[in-house]
Each structure stands twice: as C-alpha cells, then as structure tokens.
Amino acid sequence: MTGLTFGLNGAVCALDLGDLRVTLLDLLRERLGPTGAKKGCDRGQCGACTVLVNGARVNACLTLAVTVQGAEVTTVEGLSQGGDLHPMQQAFLDHDALQCGFCTPGQILSAIGLMNEGESGDDASRVREGMSGNLCRCGAQPGIVAAVQEVLRAHSSGSR
C-alpha cells in the first residue's frame, strides 16, 4: 500500500495508489475522474496528456503518479473560476483555435505553462517553438498561436 496525497485542481486528493507503476494520466482518467488529459500516443510525443504540476507543464503519460506527492496538479477541468473561463480558454474560443478538440486541453495547459515560464514573449516563432511538443492534426495552429500571443501580451502588460 502506497499512500499518495496531492492537490488536484485546488482540492486535496488522498488515496492508496497501490501499483507504483501507474502513470499520472491513468490515475487521473481511470480513478479520479478528470478526462480532459487525453491518451494520444502514450509516449510523450503528442502533448495531448499535458497537465500542470506546480505550474510547470508535464506529459502525464510519462509521469509516474507517485512523483506528484505533495504537488498541485492542474487539469483543464480546474482552470475556470466560478463559471468564468480562464483567459487562455477564452482566447482559444475567440481565435477559433480548435477543430476536433482532441488536443485542445493539452494545448491550453501547455500554453499556460509556456506563459508561466515567461521566456517566449509574444513572438509567433517563439510561441510555435514553445508549443512544439503539442501536436494538432486538424491544422488549427494559426489560431492556437494567435490565442497564445493574445494572452501572453495581456499577461505581460499586467492583466489576467
């Protein structure tokens, strides 16, 4: 028996992990309920499983659940506040930055992680490079880049 306690979208989550080999993605989707993080490639190559751990983006399919002991995990389900979308979620809607939607949760969380890193500025080529770990097969990249740039500009000017 292995006890695991961590924050999940602002709430404390305590459980018996059991198998130490379970990934954060499988724990989230199969035992805890949030299904926004998707199992795409299951090899850390597509970014569909991206979540934030203490504000940093990680591929949940490659992260052992046991490693988030004491950490704060944020999934796309934890972004909106009282019915108001997170600015990144709103920007994705405003810029039509999604088509099929499969990659969208990972794209949004990766964009927030990129913003938290504070290294991309709002330069389109740097945003594309910073988001290169998240694949979109539908061709929504121009909208994704525009959405991320909008939020990065707003964030750098001090508004949320």
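Our subject is the structure that appears above.
Residues numbered from 1 in each chain as written. Predicted model: local features only at pLDDT ≥ 70, side-chain atom pairs only at ≥ 80, totals over all residues. Heavy atoms only, no water.

S.K.: Any chance you could explain the nonpolar core here in plain terms?
M.R.: For soluble globular proteins, the rule of thumb is that nonpolar side chains tend to be buried together. Ranked by internal contacts, the top residues of the largest apolar core, which has 24 residues, are Met88, Phe92, Ile112, Ile144 and Val148. If you list the elements that add at least two residues to this core, you get α2 (87–94), α3 (104–117) and α5 (141–156). Aside from chain neighbours lying at most four places away, what touches Ile144 is Phe92, Ala97, Gln107, Met131 and Cys136. One finds Leu8, Ala65, Val68 and Val73 within the second-largest nonpolar core, a separate group that totals 21 residues. (Core = buried A, V, L, I, M, F, W, Y, C linked by side-chain atoms within 4.5 Å. Buried < 20%, exposed > 50% of the residue type's maximum accessible area, 1.4 Å probe, protein only. Helix = DSSP H or I, 4+ residues; strand = E, 2+ residues; numbered from the N terminus. Contact = heavy atoms within 4.5 Å.)

S.K.: Explanation requested: the pattern of salt bridges in the structure shown.
M.R.: Where charged atoms from two side chains of opposite charge approach closely, those side chains can pair. Using the criterion set out here, one finds four salt bridges in the structure. A salt bridge links Asp26 to Lys39, with the shortest nitrogen-to-oxygen separation between them at 2.8 Å. Within this pair, whereas Asp26 is found in helix α1 (residues 24–32), its partner Lys39 is found in the loop between α1 and β3 (50–53), the two being separated by 13 residues in sequence. Classification of Lys39 by relative accessible area gives partly exposed; the value is 38%. Counted as one network, the salt bridges with shared partners bring together Asp26, Lys39 and Asp42. (Salt bridge = Lys/Arg side-chain N within 4 Å of Asp/Glu carboxyl O.)

S.K.: Would you mind going over the pairing of strand β4 (residues 56–59) with me for this structure?
M.R.: Consecutive side chains of a regular strand alternate in pointing toward one face of the sheet and then the other. Bridge count for β3 against β4 is four bridges, and the pairing is antiparallel. Residue Val51 lies in a different strand from β4, and its bridge partner there is Val58. The antiparallel hairpin formed by β3 and β4 contains two residues in its connecting segment, where Asn54 sits at a positive phi of about 55°. (Pairing = 2+ DSSP bridges.)

By themselves these figures say nothing about function.
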